[in-house]
Amino acid sequence: MRFRSAFAFDIRFQWRHGFYWIYIIICAFYLVLLHLIPDHYREQTMLLLTFSDPSALGLILAGGIVLLERDQGIHDPLFVTPIRVREYLLSKAGSLSVLSLLAAWVIHVVASGIPQSPFGFSTGIILTSSFMTLLSIGVVARCQTINGFILLSQVFALPFILPLLGYFKVWNSKLFLWLPTEGTLRLLSSGTSAMSFGNYIYSISILLLWNVVIYVWAKMSFENHVMMRIGKGGARK
């Protein structure tokens, strides 16, 4: 019940501050760009856009939302209610995943039709967006200014874009298999080509594992840096 309330609050907050309208404009820009790209580059460009979209959405918007909530004094009254830190984090990850999933489907359907594997494609978007959202919250909890957050978030996010080097055949390494975004690229590729069962298991497993790890880190970061500042060092777990 508390999660549903927090989730509904986040959706309303995002709608009220125009995030959905911003994403309509972004989707329109992406579609125009894909229309201008030659056919033999379109598939790679579409994958790059659908890869960067949930990553950027989760990483930048989540941090911006937390900073906006802090500036508006929302955290103090919010954590007087029965809501817990885990529900706060999961509602952020869930609500931004919904926005990211809607945008990704619109772009893919208009540009290329229904994904060949709707489940794999959707799972890749959701788990990538939730991972980046939790990473962003863990980072922004440690920052006081938007400039500090933008700089620090890029430092934290940089290692996770390395699998793109393998995808574009610039540089490949078995170490990329330990990064969640390697799973993201494989799942998003299932939108346009067949994917083996083993690849499904690997991709979903690595993303789930990293989501759990980053959730634990983000929760500790939020409790230690945000809850302490609002006099809630003994935050509800």
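Right above here is the structure, for reference.
Attention here is on the structure that accompanies the text. Because the structure is predicted, anything quoted here is derived from the model rather than measured. (Residues numbered from 1 in each chain as written. Predicted model: local features only at pLDDT ≥ 70, side-chain atom pairs only at ≥ 80, totals over all residues. Heavy atoms only, no water.)

**What about the packing of aromatic side chains?**
One pass over the full model with this rule turns up 15 aromatic pairs. Between the aromatic rings of phenylalanine 29 and tyrosine 30, the centroid separation amounts to 6.2 Å while the plane-to-plane angle is 50°, which identifies the pairing as tilted. Classification of tyrosine 30 by relative accessible area gives buried; the value is 14%. Both rings, one in phenylalanine 79 and one in phenylalanine 222, keep their centres 5.8 Å apart while their planes meet at 50°; by these two values the pair is tilted. (Phe/Tyr/Trp six-rings, centres within 6.5 Å; stacked < 30°, edge-to-face > 60°. Buried < 20%, exposed > 50% of the residue type's maximum accessible area, 1.4 Å probe, protein only.)

**Quick look at helix H3 (residues 39-71)**
Taking 1.5 Å of rise per residue, 33 residues should cover 48 Å, and H3 covers 46 Å from first to last C-alpha, within 8% of that figure. Downstream of H3 by one or two residues, glycine 73 has phi in the positive range, about 70°. (Helix = DSSP H or I, 4+ residues; strand = E, 2+ residues; numbered from the N terminus. Expected span 1.5 Å × (residues − 1).)

**Regarding a nonpolar patch on the surface**
Taken together, Leu48, Phe168, Val170 and Trp171 make up a surface patch of nonpolar side chains, about 390 Å² in accessible area. Position of leucine 48 among the secondary structure elements: in helix H3. (Patch = residues over 30% accessible without salt bridge, like charges linked within 9 Å, V, L, I, M, F, W, Y side chains within 5 Å. Areas by Shrake-Rupley, 256 points an atom, 1.4 Å probe, with all protein chains shown as cover. Salt bridge = Lys/Arg side-chain N within 4 Å of Asp/Glu carboxyl O.)

**A word on the layout of surface pockets**
Empty space among the atoms becomes apparent when a probe as large as a water molecule is rolled across them. As a volume, the largest pocket reaches approximately 220 Å³. Lining the largest pocket are 15 residues, with Tyr167, Glu182, Leu185, Arg186 and Ser189 sitting closest to its centre. For the lining of the largest pocket, the elements supplying multiple residues, two or more each, are helix H8 (163-167) and helix H9 (180-189). Broken down by element, the residue count for the lining of the largest pocket peaks at four residues, all from H9. Residues that form the lining of the largest pocket fall into these classes: seven nonpolar, six polar and two charged. Volume-wise, the second largest pocket comes out at about 160 Å³. In terms of lining residues, the second largest pocket is bounded by Phe51, Ser52, Ser55, Ala56, Leu59, Met132, Gln154, Ala157, Ile161 and Leu164. Sorting the residues of the lining of the second largest pocket by element identifies H3 and helix H7 (146-157) as the ones contributing at least two each. (1 Å grid on protein atoms, 1.4 Å probe; cavity = no way out; pocket = protein on both sides within 12 Å on 5 of 7 lines; lining within 4 Å. Points joined across faces, edges and corners; volume = space filled by probe spheres on them. Nonpolar A, V, L, I, M, F, W, Y, C, P; charged D, E, K, R; others polar.)

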